[in-house]
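Okay, here's what each chain looks like letter by letter:
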Amino acid sequence: FERVTGYTREEVLGRTVGELNIWLRPEELGKAVAESASQGGLRNYPFQFRTKAGEIREGVMYAETIQMNGSMCSISTVLDVTDLKRSEEAATSLATAIEHAEEQIVVTDLEGTIRYCNPAVEKVTGYSRDEVIGKNPRVLKSGKHDNAFYVGMWRTLTEGGVWRGQLVNRKKNGKLYNEDATISPIIGPDGEKTGYVAIKRDVTARLEMEEQLRQAQKLDSVGRLAGGVAHDFNNLL
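This structure is a prediction, so every number in the text was calculated from the model and none was measured. (Residues numbered from 1 in each chain as written. Predicted model: local features only at pLDDT ≥ 70, side-chain atom pairs only at ≥ 80, totals over all residues. Heavy atoms only, no water.)

Colleague: So what exactly am I meant to see when it comes to the overall build of the chain here?
Modeller: Scanning the chain from terminus to terminus reveals nine helices and eight strands. Taken over the C-alpha trace, the chain has a radius of gyration of 33 Å; the compact-globule value for 237 residues is 18 Å, which it surpasses by more than 25%. A principal-axis box enclosing the C-alpha atoms of the chain has dimensions of 125 × 45 × 35 Å. Counting all 237 residues of the chain, 27% fall into the buried class. The contacts of the chain with a sequence gap of at least 6 include a subset with a gap of at least 24, amounting to 36%. Working note: accessible area of the chain is about 15,600 Å², and carbon and sulfur atoms make up 55% of it. Computing the positive centroid from 31 side-chain charges and the negative centroid from 34, the chain places the two 5 Å apart. (Helix = DSSP H or I, 4+ residues; strand = E, 2+ residues; numbered from the N terminus. Rg over C-alpha atoms; globule rule 2.2 N^0.38 Å. Buried < 20%, exposed > 50% of the residue type's maximum accessible area, 1.4 Å probe, protein only. Contact = heavy atoms within 4.5 Å. Areas by Shrake-Rupley, 256 points an atom, 1.4 Å probe, with all protein chains shown as cover. Lys, Arg positive; Asp, Glu negative; His and termini not counted. Charge placed at Lys NZ, Arg CZ, Asp CG, Glu CD.)

Colleague: Honestly, the pattern of salt bridges in this entry has me stumped. Any pointers?
Modeller: Once the charged atoms of two side chains with opposite charge are near each other, the side chains can pair. The final tally for this structure, using the stated rule, is 14 salt bridges. Note that Lys52 is salt-bridged to Glu11, the shortest N-O span being 2.5 Å. Linking Lys52 in the loop between strand 1 (41–50) and strand 2 (56–68) with Glu11 in helix 2 (residues 9–12), this pair joins segments that are 41 residues apart in sequence. Overall, the relative accessible area of 25% leaves Glu11 in the partly exposed class. Between Glu179 and Lys200 there is a salt bridge, with the nearest N and O atoms lying 3.3 Å from each other. Here the residue Glu179 occupies a position in strand 7 (residues 176–187), and Lys200 occupies one in strand 8 (residues 193–202), the gap between them amounting to 21 residues. Residues Glu179 and Lys200 agree in their burial class; the two are buried. Among the charged side chains, a salt-bridge network with shared partners connects Glu55, Arg57, Asp80, Asp83 and Arg86. (Salt bridge = Lys/Arg side-chain N within 4 Å of Asp/Glu carboxyl O.)

Colleague: Help me out: how do you make sense of the side chain of Gln104 in this one?
Modeller: Within the secondary structure, Gln104 is located in strand 4 (residues 104–108). Dropping the residues within four chain positions of it, Gln104 is found in contact with Asn118, Ala120, Val121, Val124, Thr125, Tyr177, Glu179, Ala198, Ile199, Lys200, Arg201 and Asp202.

Colleague: Which parts of the structure should I look at to understand the pairing of strand 2?
Modeller: Taken residue by residue, a regular strand's side chains alternate between the two faces of the sheet. Sheet topology note: the strand 1/strand 2 ladder contains eight bridges and is antiparallel. Residue Phe47 lies in a different strand from strand 2, and its bridge partner there is Gly59. The sheet contact formed by strand 2 and strand 3 (residues 71–80) spans ten bridges and is antiparallel. Counted as the bridge partner of Met68 is Ser71 from strand 3. (Pairing = 2+ DSSP bridges.)

Colleague: Please explain the sheet that holds strand 7 as it appears in this structure.
Modeller: Within a sheet, neighbouring strands are paired by backbone hydrogen bonds and run either parallel or antiparallel to one another. Spatially, five strands are ordered 5-4-8-7-6 in an open sheet, and the strand pairing comes out antiparallel. Strand pairing shows two members of the sheet lacking a second neighbour, strand 5 (114–117) and strand 6 (163–170), which therefore form its edges. Going across the sheet, the axis of each strand differs from the next one's by a mean of 30°, ignoring polarity. Examined bridge by bridge, strand 4 and strand 5 share three bridges and lie antiparallel to one another. (Axes fitted to C-alpha atoms, helices over the stretch in contact; angles between N-to-C directions.)

Colleague: Teacher, can you tell me more about the sheet that holds strand 1 here?
Modeller: One open sheet holds the three strands; their spatial order is 1-2-3, and the pairing between them is antiparallel. Edge positions in the sheet fall to strand 1 and strand 3, since each of these pairs with one other strand and no more. Averaged over all neighbouring strand pairs, the angle between strand axes comes to 35°, with direction disregarded. Of the strands in this sheet, strand 1, strand 2 and strand 3 touch helix 4 (residues 26–39), which is tilted by about 165° from strand 1. The strands that helix 5 (residues 82–100) touches are strand 2 and strand 3; relative to strand 2, the one it contacts most, it runs at about 140°.

Colleague: For this particular structure, what's the right way to read unusual backbone geometry?
Modeller: It is generally the case that most residues other than glycine have a negative phi and that most peptide bonds are trans. Despite not being glycine, Asn21 shows a phi value in the positive range, around 60°. Along the polypeptide, Asn21 turns up in the loop between helix 3 (17–20) and helix 4. Even without a glycine there, the phi angle at Asn44 is positive, about 55°. Looking at where Asn44 falls in the secondary structure, it is placed in strand 1.

Colleague: What am I meant to see in the packing of aromatic side chains here?
Modeller: Aromatic rings in a pair are described by how distant their centres are and how their planes are angled relative to each other. In total, this model carries six aromatic pairs according to the counting rule given. Here Trp23 and Phe47 contribute two aromatic rings whose centre-to-centre distance is 4.3 Å and whose plane-to-plane angle is 25°, an arrangement assigned as stacked. You can see Trp23 sitting in the loop between helix 3 and helix 4 and its partner Phe47 sitting in strand 1, a full 24 residues away along the chain. A centroid spacing of 5.8 Å and a plane angle of 40° characterise the contact between Phe47 and Phe49, whose relative ring orientation is tilted. (Phe/Tyr/Trp six-rings, centres within 6.5 Å; stacked < 30°, edge-to-face > 60°.)

Now the structure itself:
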């Protein structure tokens, strides 16, 4: 209690919780007391409390009504779940961000079996999540890369490196597409690899525009060359 709240034993003995202003919302304290009295205790009762320094923390209370020296008393245990809730909230925020990301995110185990993919994978490839979970990413192979390409990729990953490159893959409808990919090892708490995560972006449209621009530049160069030749020929005439 002293470690969590910052109060010393001497500061709290003989004083009520209300006097100490520990409960963030006094009305919840009244509700908890009434519920404990009517039910003989509390189970998994969530509340917010204030430390001596003024920090707001999240708690879960368990309480039992007991007899002590002829008086009705309550013995309570409070679990400080602040850090746990923050971790859960952070995990929820991360999961939400991944689910709404434009980039394709694929998680595999060490053997390359897909364990997770976000909705962007469904949108780009045409495969549903159920169709790719449990499969190997080779389901997207286009045949445009030789075996040496994939051997080099896996060598980089198995040695603990990060692979970056461009892939030509095939959608469910058979259409080819290009994507920039970064594949990284996932390292567990013990420092060992547990799998891989790939973050990929469909760059097909960008590459097509770049190719169109190159063709336009070539035509422009040919046009200027032809114009120059015509001008010189005209001068000769």
